[in-house]
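Observations on chain architecture
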Amino acid sequence: MNLKEIKEFLKGADDKLLFSQGESIREKYFGKEVYLRGIVEFSNVCKEKCLYCGLRCSNRELKRYRLTFDEILEAVELVRKSRLGTVVLQSGNDPSYTTEFIESIIREIKKRYGNSIAITLSLGERDYDELKRWRDAGADRYLLKVETFDKKLYEKMRPGRKLSERLKLIEYLMKLGYEVGSGIIVDLPEMTDEILANDLLELSSLGLHMIASGPFIPHNKTPLYEYPSGDLKRSLRAIALLRILNKYSNIPSTSAMASLSKDARIRGLIVGANVIMPSLTPLRVRKLYNIYPGKNESDSSALEDVEKIKNLISSSGFIPSESIGNYKGGN
Ligand code: 5AD
């Protein structure tokens, strides 16, 4: 598919064809199986100032938290208890967690669970040598969203950060042998059809193992509070297009989708996604990891939440998988 065709689809030229193609490719490569990744959001401290994100350091009204070594491992134990195949260790860009600290968490998880749980790190931009050390310690995957490939928009949305540096890091993560995930935000303020179409093509050219695209959700404690949410239809079109362009990649139906409407996450699965990422962050702090409204707002315990999501998946005709859900394609 070329840029022009993608643009047409994004405008809604033929949703029926697009969605049915996304669905049949997802069906062919993944069937009804949905991989689950338990996210442990262990710190909401962040030194970045991303305009779209509620965790940006300039949001002084947010109460900040950091989990200890033992608290993180307790949350990881819930991943095991709820029989999820992957733990995602995620935080803001919080350098107070040292190379050694993260390294020892990785080693402890591997010591306890061996290779029955895959470890994904999602810690933002860190140094090259630490990324290597964590890989050597046993981390399996790394998530680093590009958010947009449009240099001007990227550098406006992520003050002080450079698109070229982000892309270099992604390339390096690939070289280290991580399964690498990245993604974009659909309908970021000032994102045109042209930019979004190009983002989908660029994302699909990197050979990524995981690809995410979720709608922009305005957060009232950020400079973008007055912009509208991303469009549900365009978000679904983006997922279907990504599935068509990346047959084997693991594609989540994000919690930003769920923020848009109650059934949006399941609709994302139908048209091409195959992954859901429930939060296993302790209830005591979970609401403070509020990247955007709707994220982590449930009042149930982590275990109850996972059960609810599994039930939703099953009752929608999908199968919540216990597999660790590695990338199925070749290298
Ligand atoms: N709306 C939608 N997605 C967002 N993210 C951050 N802020 C928002 C927002 N306001 C996404 C980014 C980030 C991930 C953790 O959440 O893609 O990488």
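Not measured: the values here are computed from a predicted model. (Residues numbered from 1 in each chain as written. Predicted model: local features only at pLDDT ≥ 70, side-chain atom pairs only at ≥ 80, totals over all residues. Heavy atoms only, no water.)

When helices and strands are tallied, the chain shows 13 helices and eight strands. The C-alpha atoms of the chain give 18 Å as radius of gyration, which agrees with the globular expectation for 331 residues (20 Å, within 12%). Across its three principal directions, the C-alpha atoms of the chain cover 50 × 40 × 40 Å. Burial analysis of the chain (331 residues in total) assigns 57% to the buried set. Pairs at least 24 residues apart make up 75% of the contacts formed inside the chain by residues separated by at least 6 positions. Counting only carbon and sulfur atoms, one obtains 51% of the accessible surface of the chain, whose full area is about 13800 Å². Averaging the positions of the 53 positive and the 45 negative side-chain charges in the chain gives two centres separated by 1 Å. (Helix = DSSP H or I, 4+ residues; strand = E, 2+ residues; numbered from the N terminus. Rg over C-alpha atoms; globule rule 2.2 N^0.38 Å. Buried < 20%, exposed > 50% of the residue type's maximum accessible area, 1.4 Å probe, protein only. Contact = heavy atoms within 4.5 Å. Areas by Shrake-Rupley, 256 points an atom, 1.4 Å probe, with all protein chains shown as cover. Lys, Arg positive; Asp, Glu negative; His and termini not counted. Charge placed at Lys NZ, Arg CZ, Asp CG, Glu CD.)

Here we come to helix α2 (residues 15-30). Counted at 1.5 Å a residue, the expected span for α2 with its 16 residues is 22 Å, and the 22 Å between its end C-alpha atoms agrees. Looking only at α2, the buried set comprises Asp 15, Leu 18, Phe 19, Gly 22, Ile 25, Arg 26, Tyr 29 and Phe 30. The buried residues of α2 occupy an angular sector of 130 degrees when the element is viewed end-on, so they sit on one face. The exposed residues of α2 that point more than 90 degrees off its buried face are Lys 16 and Lys 28. (Expected span 1.5 Å × (residues − 1). Arc of directions from axis to C-beta.)

Next up on the list: the state of the cysteines. Under the definition given, this model contains zero disulfides. Cys 50 takes part in no disulfide bond, and the closest cysteine sulfur to it belongs to Cys 53, at a distance of 6.2 Å. (Disulfide = S-S within 2.5 Å.)

Looking now at unusual backbone geometry. For residues other than glycine, phi is negative in most cases, and the peptide bonds are mostly trans. Even without being glycine, Glu 190 reaches a positive phi, approximately 75 degrees. Considering the arrangement of structural elements, one finds Glu 190 in the loop between β5 (179-186) and α8 (193-204). Glu 190 gets classed as partly exposed once you look at its relative accessible area, which sits at 44%. Despite not being glycine, Asn 296 shows a phi value in the positive range, around 60 degrees.

Where α2 meets helix α9 (residues 232-245), the axes come as close as 8 Å, and the angle between the chain directions of the two elements is 50 degrees. Between α2 and α9, the angle is such that the two are oblique. Once α2 is placed against α9, the crossing between them reads as left-handed. Taken together, the residues of α9 that come into contact with α2 (itself represented by Asp 15, Leu 18, Phe 19, Gln 21, Gly 22, Ile 25, Arg 26 and Phe 30) are Lys 233, Leu 236, Arg 237, Ala 240, Leu 241, Arg 243 and Ile 244. In terms of residue class, the contact of α2 with α9 is built from eight nonpolar, two polar and five charged. (Axes fitted to C-alpha atoms, helices over the stretch in contact; angles between N-to-C directions. Parallel < 35°, antiparallel > 145°, perpendicular 65-115°, else oblique. Left-handed = near helix turned anticlockwise from the far one by under 90°. Nonpolar A, V, L, I, M, F, W, Y, C, P; charged D, E, K, R; others polar.)

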